[in-house]
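# Fold and contact review
What follows is the residue order along each chain.
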Amino acid sequence: ERPNQIWLADITYIRTGQGWLYLAGVLDTFSRMLVGWGMDRHPNSRLAPSAVRMALTRRQPQQTVIHHSDQGRQYASGDFVQLLQDNALLPSMSAVGNCYDNAPMESFFSTLKVELVHRRTYPTHSEARSDIFEYIEVFYNRQRRHSALDYLSPENYEVRHRSLLNSVSTKTG
């Protein structure tokens, strides 16, 4: 119904000439906007929290947000669960072997790989980071249209939502 109700999270990896680069993402289910992300050479204990912290900084939710992920060790650790609880994020996890709960997050990673990663060769982590940053921040969130969003980009979908809310409050106020 609105932004910051349910955030989905997951981690994927991108091949580079220097080895794997891991990407953690946090996706708002309302607009399919990637609201937080982080990249690292290792799927370590800093990766998932960095994506959540970015999402919290950008979104500053005013109510409890459901944070849904798989049961990966990054999301099940005590420190990570504490981070969620300290920031009014309600932990939720898929059942073992159930990828359907997190389908929009998986879809984002698939889109990223089909539209960008599989079309490129990345000799270095730095080149992959730069390309992925531009894809997320310049193209995906701001320009890429989604059929599920009335063919608007995630950003424009949220702008339209805020505009409609303002219009309703002006009429009722």
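These lines cover the structure that appears in this document, whether it is placed above or below. (Residues numbered from 1 in each chain as written. Predicted model: local features only at pLDDT ≥ 70, side-chain atom pairs only at ≥ 80, totals over all residues. Heavy atoms only, no water.)

### A word on the packing of aromatic side chains
Rules: Aromatic contacts are taken between Phe, Tyr and Trp rings whose centres are within 6.5 Å, Trp giving its six-membered ring; a plane angle under 30 degrees counts as stacked, one over 60 as edge-to-face, and the others as tilted. A 1.4 Å probe rolled over the protein chains alone gives each residue an accessible area, and that area as a share of the maximum for its type sets the label: buried under 20%, exposed over 50%, partly exposed in between. As a reminder, the over-ring test applies to NZ of lysine and CZ of arginine, requiring each to be within 6 Å of the ring centre and within 35 degrees of the ring normal.
Here the structure, examined in full by the defined rule, presents 9 aromatic pairs. Seen from their ring centres, Tyr75 and Phe80 are 5.3 Å apart, and the 80° between their planes marks the pair as edge-to-face. Each member of the pair, Tyr75 as well as Phe80, is classed as buried. Consider the rings of Phe108 and Phe109, whose centres lie 5.7 Å apart with planes at 55°: the pair is tilted. Each member of the pair, Phe108 as well as Phe109, carries the same accessibility label: buried. Here a set of aromatic residues connected by ring pairs shows up, and it is made of Phe108, Phe109, Tyr135, Phe139 and Tyr140. Stacked on the ring of Tyr13, the Lys or Arg Lys113 has its end atom at 5.0 Å from the ring centre.

### Some details on the pattern of salt bridges
Quick reminder of the rule: Each salt bridge in this description consists of a side-chain nitrogen of Lys or Arg and a carboxyl oxygen of Asp or Glu lying within 4 Å of one another. A run of H or I in DSSP counts as a helix once it spans at least four residues, and a run of E counts as a strand once it spans at least two, with each numbered from the N terminus.
Taken as a whole and judged by the stated rule, the model has 10 salt bridges. Ionic pairing is found between Asp131 and Arg120, a salt bridge with its closest N-O pair at 3.0 Å. Here Asp131, found in helix α5 (residues 125-140), pairs with Arg120, found in the loop between α4 (103-115) and α5; they are 11 residues apart in sequence, far enough to count as distant. A salt bridge links Arg142 to Glu137; the nearest nitrogen and oxygen atoms lie 3.3 Å apart. What emerges from the salt-bridge pattern is a single network uniting Asp28, Arg59, Glu158 and Arg162.

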